[in-house]
Amino acid sequence: MLYSKSVIELSKMLEEKRISSVEIAESYISRIEKYNKEINAYITFNPEQLLKDAAESDQRRSSGKTKSSFDGIPVAVKDNISTAGIRTTCGSKILENFIPPYNAAVYQKLCDNGFLLLGKTNMDEFAMGSTNESSFFGPVKNPHDFSCVPGGSSGGSAAAVSAMMAPAALGSDTGGSIRQPASFCGVVGMKPTYGKVSRFGLVAYASSLDQIGPITSTVDDAAAMLEIISGKDGRDSTSMHSENDFSPAELDGNIKGMKLGVSEEYFRGADEETASIIRKTIDKLKNLGAEIVEISMKMNDYAIPVYYLIATAEASSNLGRYDGIKYGYHSPAAGKLSDLYKLTRNEGFGNEVKRRIMLGTFALSSGYYDAYYVKALKCRTLIVEDFKNAFKNVDAIISPVSPVPAFKAGEKINDPLQMYLLDILTISANLAAIPGISVPAGKTGSGLPVGIQIMGNHFEEKKILNIAKAVEAVSEKISVDF
Ligand code: GLN
């Protein structure tokens, strides 16, 4: 079945002319038509266009004009990444019919390499959430257990790859939104160093934390996709020339002599099965020749309040642009201008987004600014220092991705604080701007995937991908049974 192949396998088969791009497209189209009704991973899916694009790619290949070895491979893109002429909803009613006039830098790079758009994936509204339950387009189901959440906010991207409805997808990660759904769905998800990938055309949630990255079924695919989307872009002033450039072919999974930091703080509150899967995996890495070093990440205790002050403060400012005038939804009931603002925002945003705008506006308001926002910034520096010190002694830090595996849909949606607390292991990497990856490490007794997180120093993607490859080699392969 073509839909079960990795990006690299598909690329080889295309290069050897054993398959056509149209055949790949047909394989995914029938898969999506069969399972997307239930899983709801896609918001926008246009099979006719895909078949047309695939036929054009086949044409390019037969006339020796392929754009890259990936020409003709379809990929899914999270619906907060702008695609010119194709609606980009951000999972929100306010952008339900928004059609961007330009491409995000990452999407342009995919197109330049001949990748085809498979569809736009479902997500928590404005990427705010950890379960994909806050989407205006309905929740996404976890392909490993339809009664469970797929994680969020890139739940559609992770579920699509996990259910083999896409060979690869792009997600965005502000506080764990690539890594946590990857962990819940049993796939690989990587958040690159802040600045490695251009954010141009990514609908902003919290600009100092947002980063785009790949969600794939293998570590090699993650490396290949990362190489394609990364690089400096003049339109995102925080993007940088990728230091430590490497080619995915250089990854060998050799971790002999590497020092891997393990912090007990990261296991506090983890459920037993998750902790045991992660500890067993760490033992296996030790057997492969890595040295396990105990470290202490004391500042992680402050990560949740710091993140939820900074992220909401930035969000309250970024989301100010949705006022019914320039973008998207426009309340039909409004008579005068001030009513237009109020009604549009009241009708267009969902509850979680409203909650965060209010929290952020409060944290930034005069009189409270120093006590909340500035304090959070100072504390962010302490978290950065914690990592700096750790990386003096270790090559990478290993932990669970989430303290718990996927849980039942509806279980936590009415308790935002409980939901926020689950982000405890992923948000520090965003606050410190370092790269992190989630790789499947095992399954719980009830068959739910559990991912292990590997975090590295700035621009040390190669190192953490190598460790990820080692994890992949010693862990059972996790795939859905349909
Ligand atoms: N779950 C976190 C939040 O709700 C992270 C979201 C993200 O990374 N986009 O903010």
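Each remark here, short or long, concerns the structure printed above.
Reference entry: report on the structure contained in this document. (Residues numbered from 1 in each chain as written. Predicted model: local features only at pLDDT ≥ 70, side-chain atom pairs only at ≥ 80, totals over all residues. Heavy atoms only, no water.)

A look at the sheet that holds strand S1 (residues 42-44)
Ordered by their spatial adjacency, 11 strands build an open sheet running S1-S3-S2-S4-S6-S5-S10-S11-S9-S7-S8, and the pairing between neighbours is mixed. Pairing within the sheet leaves two strands with one partner each, and these edge strands are S1 and strand S8 (291-295). Neighbour to neighbour, the strand axes of the sheet diverge by 30 degrees on average, direction disregarded. Pairing between strand S2 (residues 74-78) and strand S3 (residues 116-121): 5 bridges, direction parallel. Each residue of the ladder has a partner; that of Lys-78, found in S3, is Thr-121. Packing of helix H4 (residues 105-112) onto the sheet brings it into contact with S2, S3, strand S4 (168-172) and strand S6 (212-216), and relative to S2 it is tilted by some 175 degrees. On top of the sheet, helix H5 (residues 155-162) reaches S1, S2, S3, S4 and S6; it is set at about 160 degrees to S4, its chief contact. (Pairing = 2+ DSSP bridges. Helix = DSSP H or I, 4+ residues; strand = E, 2+ residues; numbered from the N terminus. Axes fitted to C-alpha atoms, helices over the stretch in contact; angles between N-to-C directions. Contact = heavy atoms within 4.5 Å.)

Let's talk about unusual backbone geometry
Omega for the peptide link from Gly-152 to Ser-153 comes to 10 degrees, which places this bond in the cis form. In this fold, Ser-153 is placed in the loop between S3 and H5. At Lys-17, a position not held by glycine, the phi torsion is positive, near 60 degrees. Secondary-structure assignment places Lys-17 in the loop between helix H1 (7-15) and helix H2 (21-39). Unusually for a residue other than glycine, Phe-126 sits at a positive phi of about 55 degrees. Along the chain, Phe-126 turns up in the loop between S3 and H5. On the basis of relative accessible area, Phe-126 is assigned to the buried category, the value being 1%. (Buried < 20%, exposed > 50% of the residue type's maximum accessible area, 1.4 Å probe, protein only.)

As for the pattern of salt bridges
Overall, the coordinates contain 20 salt bridges when judged by the stated rule. Among the salt bridges present, the one from Glu-15 reaches Arg-61, with a minimum N-O distance of 3.0 Å. On the criterion of sequence distance, the pair formed by Glu-15 in helix H1 and Arg-61 in helix H3 (residues 47-62) is long-range, its members being 46 residues apart. It is possible to trace a salt-bridge network through shared partners that takes in Glu-352, Arg-355 and Arg-356. (Salt bridge = Lys/Arg side-chain N within 4 Å of Asp/Glu carboxyl O.)

Examining the pairing of strand S7 (residues 259-263)
Within S7, 4 of the 5 residues are buried, leaving the element largely enclosed by the surrounding structure. Looking at chain direction, S7 and S8 are connected through 5 bridges and run parallel. Bridge pairing links Gly-261 to Val-293 in S8. The β-α-β motif built from S7, the intervening helix H8 (residues 272-287) and the parallel element S8 has right-handed crossover chirality. (Right-handed = clockwise from strand over helix to strand, strands pointing away.)

Focus on the nonpolar core
Ranked by size, the top nonpolar core spans 92 residues in total, and within it Leu-110, Ile-454 and Leu-465 carry the most contacts. Take this core: its biggest share by element is 8 residues, from helix H7 (residues 219-229). Contact partners of Leu-465, with chain neighbours within four places excluded, come to Met-190, Val-219, Ala-222, Ala-223, Leu-226, Phe-246, Leu-251 and Ile-437. Within the second largest apolar cluster, 56 residues are counted, among which are Ile-94, Ala-303, Tyr-322 and Ile-383. (Core = buried A, V, L, I, M, F, W, Y, C linked by side-chain atoms within 4.5 Å.)

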